[in-house]
Amino acid sequence: MDGARFANALVRLNTTPAEMTWRSGVDVLSFGATKGGALAAEAVIFFDPAAAACFGERRKRGGHLLSKHRFIAAQFLAYLDDNRWLTLARHANAMASKLADALTAIGMRPVWPVEANLVTLPRALDAKLKAAGANYYVRSSDGLGIGADDVLVRLVTSFATGDDDIDRFVNLCARSVTRLRVAPI
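Residues numbered from 1 in each chain as written. Predicted model: local features only at pLDDT ≥ 70, side-chain atom pairs only at ≥ 80, totals over all residues. Heavy atoms only, no water.

## Section: unusual backbone geometry
At Asp82, a position not held by glycine, the phi torsion is positive, near 55°. Take Asp82: it is sitting in the loop between α5 (75-80) and α6 (84-105). The backbone of Asn83 sits at a positive phi, close to 60°, despite the residue not being glycine. By secondary structure assignment, the location of Asn83 is in the loop between α5 and α6. In this structure Asn83 comes out as partly exposed when scored by relative accessible area, which is 42%. (Helix = DSSP H or I, 4+ residues; strand = E, 2+ residues; numbered from the N terminus. Buried < 20%, exposed > 50% of the residue type's maximum accessible area, 1.4 Å probe, protein only.)

Structure representation (structure tokens):
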């Protein structure tokens, strides 16, 4: 299982790590802490110890054995302490929900539920937002049935996203939408 956003999925689904992994048939979890605020800290968890037999050697051959890796791995102590990893994930998810709700309120409803963190925007709005300094990813929308006048963008919140970040972006969107309605491009 790719666990880059394992904590986010876990708290969104309101389940346990066991239910989401080995009890569901997952053999190996790549448990990521980087998207939760750590610096390059990732762990690989084998639920069947026999499957890990050659992993140390494979890790070396793949160039993933840093000489001071223990310093990177030490971040897990703070990340997991007092369920900080879940607190950070809950915050990121709450910010994603706030963003989706605020965009919906100004007529920019997400294409999929907030778990996907994707929102479609009109191309003209996309151009205005980028000109005003907004920073986000435009994704390929081939085969998704998104109109030619729209683009698929990926808006992602994190442990560090604040209410003011959401408010600034949504206000920028609202101003840009108003300008588009008054003077279409």
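## Here's the deal with the pattern of salt bridges
Tallying each qualifying case throughout the model produces seven salt bridges. In this structure, the salt-bridge partner of Glu115 is Arg12, at a minimum N-O distance of 3.9 Å. Residue Glu115 is found in the loop between α6 and β4 (118-122), and its partner Arg12 is found in helix α1 (residues 6-13); the two are separated by 103 residues along the sequence. Salt bridges linked by common partners bring Lys98, Asp163 and Asp167 together as one network. (Salt bridge = Lys/Arg side-chain N within 4 Å of Asp/Glu carboxyl O.)

## Quick notes on the pairing of strand β6 (residues 150-154)
Two faces, one strand: in a regular strand the side chains alternate between the faces of the sheet. Pairing analysis gives five bridges linking β4 to β6, with the strands arranged antiparallel. Note on β6: the bridge partner recorded for Leu118 is Arg154. (Pairing = 2+ DSSP bridges.)

## Side note on the sheet that holds strand β3 (residues 42-46)
Pairing in this open sheet of three strands is mixed, and the strands run β1-β2-β3 from one edge to the other. Each edge of the open sheet carries a strand with a single partner, namely β1 (2-3) and β3. Both strand β2 (residues 28-32) and β3 contribute to a ladder of five bridges, which runs antiparallel. For Leu29, the partnering residue across the bridge sits in β3 and is Ile45.

## What to know about the packing of α1 against α6
Each pair of packed helices can be described by the angle between their axes along with the distance between the axes. At a minimum axis separation of 8 Å, α1 and α6 run at an interaxial angle of 75°. Taken together, α1 and α6 sit at an angle that is classed as roughly perpendicular. On α6, the residues touching Phe6, Ala7, Asn8, Leu10, Val11 and Arg12 of α1 are Trp85, Leu86, Ala89, Arg90, Ala92, Asn93 and Ser97. Considered class by class, the residues forming the contact of α1 with α6 number eight nonpolar, three polar and two charged. (Axes fitted to C-alpha atoms, helices over the stretch in contact; angles between N-to-C directions. Parallel < 35°, antiparallel > 145°, perpendicular 65-115°, else oblique. Contact = heavy atoms within 4.5 Å. Nonpolar A, V, L, I, M, F, W, Y, C, P; charged D, E, K, R; others polar.)

## Quick look at the packing of aromatic side chains
All chains considered together, the criterion is met by eight aromatic pairs. Ring centres 5.0 Å apart and planes at 65° place the aromatic pair Phe46 and Phe55 in the edge-to-face group. For the pair Phe76 and Tyr79, a centre-to-centre distance of 6.3 Å together with 75° between the ring planes defines the contact as edge-to-face. Here Phe76 and its partner Tyr79 are both found in helix α5, three residues apart, which amounts to about one turn of the helix. The burial state of Phe76 is the same as that of Tyr79; both residues are buried. Through pairs of rings, three or more aromatic residues link up here, namely Phe6, Phe31, Phe76, Tyr79 and Trp85. (Phe/Tyr/Trp six-rings, centres within 6.5 Å; stacked < 30°, edge-to-face > 60°.)

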